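Observations on the three-dimensional arrangement
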Amino acid sequence: MSALAEPTSPHVMNTYGRLPIALSHGQGCRVWDTNGRVYLDGLGGIAVNTLGHNHPELVPALQDQIAKLIHSSNYYHVPGQEQLAAKLTELSGLTNAFFCSTGLEANEAALKLARKFGHDKGIERPEIVVYEAAFHGRSIATLSATGNPKVQKGFGPLVEGFIRVPLNDIEAIRKATEGNPNVVAVFFETIQGEGGIHPMRIEYLKQVRALCDERDWLLMIDEVQCGMGRTGKWFAHQWAGIKPDVMPLAKGLGSGVPIGAVVAGPKAANIFGPGNHGTTFGGNPLAMRAGVETIRIMEEHKLLENAANVGAHLKAALEREFEGLAGVKEVRGQGLMLGIELDRPCGVILNRACEAGLLLSVTADSVIRLVPPLILSVAEADEIVAILAPLVKTFLAEPKP
């Protein structure tokens, strides 16, 4: 890559450690950079490009909507909001939805719902149970709910009102909340994304649902990254046969168009009233069309089944490649949300994979994350393994830093 012209962004605030490429266009699960190099997209814009790139049904639908109306205002009814909300409630078994533009905003709305739920019950200082290694966003409130001291550093004082517990330990929640009348909700990702692809166990999900019912707490499940078909069901918690009271969504819902949503069940559906929450861009006609069309295409092309089947194939192939290999701790995840945890920091894999023509990410310092478009084929999954496995093996053969 160094022999080619590298892009620079001197007038853009330096908030990202960028790779030295700029993407120009894409087709399916492949993208091209401005120097003409092609890459297999194993990242999908970080679980965003559900339908890949330049999808032949999504693009004309968006072009049609752009020619009609991109943005109006929430002063008026937006028909696409009702259409998308009706579909999301059908798929989730919940009641209604609020639309915003990002996962951070969806999580922020969930936190406000929980606090108002508490205030409506006479609780002056509501508290919410959150998790170690969680990631819910970078606003001050969502950063406070996040369980990563590294991203919190330098932004204190953080917001109060959070009780942090470890994953998959129901007794830890009971102990942390014992005798506390201020607890109003439990908030977690079904599969932690930024935290290193850590799933909540099915039995644990059922236990937390039962505990929330017992204590009259809201169960709030962040499906921003693991939802929208990524695990082979519409929402990852559905593998446990439970329903949340509040469910933030974003990322894959619009297949690249910025969109967020909070879907609420009966217990939370009427907490907000006019003036309690709002947004300028959320629920605009273009984003709503993107959401409606994304779900339609997913259903018609059976992309949930594809995510489950191709994801299982990819996971099994990775497990075969790394079986018994010193330095590989675990291959985990579900569907097309997979992580390969190594026994050492592996940030260099990001650059080496890019040089080899594969886009992915490294999260939690030592976990290689794969969240490709849900249209990924078996052949493309095999190609990911063919590129990635030698890179990992070479890296692990090097002396530890």
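Per chain, the residues get numbers from 1 upward, laid out in the order the sequence is written. Side-chain atom pairs in this predicted model are given and counted only at pLDDT of 80 or more, local residue features only at pLDDT of at least 70, and totals for whole chains, interfaces and linings cover all residues. Side-chain descriptors were evaluated using all non-hydrogen atoms of the structure, hydrogens and water having been removed beforehand.

Looking at the sheet that holds strand β1 (residues 23–27)
Here, a strand pair is defined by DSSP locating no fewer than two bridges between the strands. Working definition: helices are DSSP H or I runs of at least four residues, strands are E runs of at least two. Numbering for both runs from the N terminus. Taking strand neighbours across the sheet as the criterion, the four strands line up as β1-β2-β3-β15 in an open arrangement whose pairing is mixed. Both edges of this open sheet fall to β1 and β15 (358–359), since each of them pairs with a single strand only. Across four bridges, β1 lies against strand β2 (residues 30–33) in antiparallel orientation. Across the sheet, residue Q27 finds its bridge partner in β2, namely R30.

A closer look at the packing of aromatic side chains
Aromatic rings from Phe, Tyr and Trp, with only the six-membered ring used for Trp, were paired whenever their centres fell within 6.5 Å, and each pair was classed as stacked if the ring planes differed by under 30 degrees, edge-to-face if by over 60, and tilted otherwise. Going through the model one piece at a time under the given rule, you end up with three aromatic pairs. A centroid spacing of 5.6 Å and a plane angle of 80 degrees characterise the contact between Y131 and F188, whose relative ring orientation is edge-to-face. Highlighted residues: Y131 in strand β5 (residues 127–131) and F188 in strand β7 (residues 183–189), separated in sequence by 57 residues. For every residue, the accessible area obtained with a 1.4 Å probe (protein chains only) is divided by the maximum for its type, and the residue is called buried under 20%, exposed over 50%, and partly exposed between those limits. For F188, a relative accessible area of 1% gives the class buried. Three or more aromatic residues joined by ring pairs make a cluster, and in this case those are Y131, F188 and Y204. Counted as over-ring charges are cases with an Arg CZ or a Lys NZ within 6 Å of the ring centre that also lie within 35 degrees of the ring normal. Here the guanidinium or amino end of K233 rests over the ring plane of W239, the centre of that ring lying 4.7 Å away.

A word on helix α2 (residues 58–68)
Listed as buried for α2 are L58, A61, L62 and Q65. Seen from one end, α2 has its buried residues packed into an arc of 95 degrees, which puts them on one side. Within α2, the exposed residues directed more than 90 degrees away from the buried face are Q63 and A67. Residue contacts are defined here by distance: any two heavy atoms, one from each residue, within 4.5 Å place the two residues in contact. Elements in contact with the buried residues of α2: α9 (285–300). Taken from the helix axis, the directions to the C-beta atoms give the arc we talk about.

A few points about the side chain of D41
Structurally, D41 is set in strand β3 (residues 38–41). The sign given to each residue is positive for Lys and Arg and negative for Asp and Glu; His and the chain ends receive no count. The salt bridge definition used is simple: a Lys or Arg side-chain nitrogen within 4 Å of an Asp or Glu carboxyl oxygen. There is no salt bridge for the buried D41, and the closest opposite charge comes from R230, which lies 9.1 Å off by N-O distance. A polar atom in the side chain of D41 sits 3.0 Å from the backbone nitrogen of L43. The definition of a polar contact used here is a pair of N or O atoms within 3.5 Å, where within protein one atom must be able to donate a hydrogen and the other to accept one, and adjacent residues in sequence count solely through side-chain atom pairs. In terms of polar contacts, D41 uses its side chain to reach the backbone amide nitrogen of G44, at 2.8 Å.

So, helix α12 (residues 378–397)
Given the number of residues in a helix, its expected span is that number minus one, multiplied by 1.5 Å. Here α12 spans 29 Å end to end across 20 residues, near enough to the 28 Å set by a 1.5 Å rise per residue. All of the buried residues along α12 are E380, A381, I384, V385, I387, L388, A389, L391, V392, F395 and L396.

Re a nonpolar patch on the surface
Here the term patch refers to residues with relative accessible area over 30% and no salt bridge, with like charges joined within 9 Å and nonpolar side chains (Val, Leu, Ile, Met, Phe, Trp, Tyr) within 5 Å. Here the Shrake-Rupley method, with its probe set to 1.4 Å, supplies the accessible areas, and only the displayed protein chains count as covering residues. On the surface, I140, F155 and L158 cluster together to form a nonpolar patch covering roughly 260 Å² of accessible area. Checked against the element boundaries, I140 lands in helix α5 (residues 140–145). Using a relative accessible area of 40% as the deciding quantity, one classes I140 as partly exposed.

With respect to the state of the cysteines
In this description, the term disulfide denotes a pair of cysteine sulfurs within 2.5 Å. All chains considered together, the criterion is met by zero disulfides. The thiol of C100 is unpaired, and the distance to the nearest cysteine sulfur, on C226, comes to 16 Å. Among the residues examined, C100 registers a relative accessible area of 2% and is labelled buried.

Notes on the nonpolar core
Counting residues in hydrophobic clusters, the biggest one holds 62 residues, and the most contacted among them are L318 and L388. Counting residues per element, this core draws most heavily on α12, which supplies 10 residues. What L318 contacts, discounting residues up to four positions off in sequence, is V331, L338, I340, L370, V385 and L388. Definition of nonpolar core: a set of buried residues of the types Ala, Val, Leu, Ile, Met, Phe, Trp, Tyr and Cys, connected through side-chain atoms within 4.5 Å. Counting residues in hydrophobic clusters, the runner-up holds 24 residues, among them L111, A114, A145 and M220.

Considering the pattern of salt bridges
Per the stated rule, a full pass over the model turns up 28 salt bridges. One salt bridge connects K68 with D64, and the closest N-O pair in it is separated by 3.2 Å. Taken together, the positions of K68 and D64, both in helix α2 and four residues apart, correspond to about one turn of that helix. Its salt-bridge partner being R174, residue E171 comes within 4.0 Å of it at the nearest N-O pair. Taken together, the positions of E171 and R174, both in helix α7 (residues 170–177) and three residues apart, correspond to about one turn of that helix.

Points about the sheet that holds strand β17 (residues 367–370)
Taken in spatial order, the four strands make up an open sheet running β13-β14-β17-β16, and their pairing is antiparallel. The two strands at the open ends of the sheet, each matched to only one other strand, are β13 (328–334) and β16 (361–363). On average, each strand axis in the sheet is inclined to that of its neighbour by 25 degrees, with strand direction left out of account. Strand contacts of helix α10 (residues 303–322): β13, β14 (337–342) and β17, with the helix running at about 175 degrees to β13, the strand carrying the most contacts. Orientation is described by lines fitted to C-alpha atoms, with helices fitted over the stretch in contact, and by angles between N-to-C directions that extend from 0 to 180 degrees.

Comments concerning the packing of helix α11 (residues 348–355) against α12
Between α11 and α12, the least distance of the axes is 10 Å, while the angle of their chain directions is 140 degrees. Between α11 and α12, the angle is such that the two are oblique. At the point where α11 passes α12, the crossing takes the right-handed sense. Within the contact between the two elements, α11 uses V348, I349, R352 and A353 and α12 uses L388, L391, V392 and F395. Residues are grouped as follows: nonpolar covers Ala, Val, Leu, Ile, Met, Phe, Trp, Tyr, Cys and Pro; charged covers Asp, Glu, Lys and Arg; every other residue, Gly included, is treated as polar. Tallied by class, residues from the contact of α11 with α12 come to seven nonpolar, no polar and one charged. Roughly parallel covers angles under 35 degrees, roughly antiparallel covers those over 145, roughly perpendicular covers 65 to 115, and oblique covers all other angles. Helix crossings fall into two classes, left-handed where the near helix is turned counterclockwise from the far one by less than a right angle and right-handed where it is turned clockwise.

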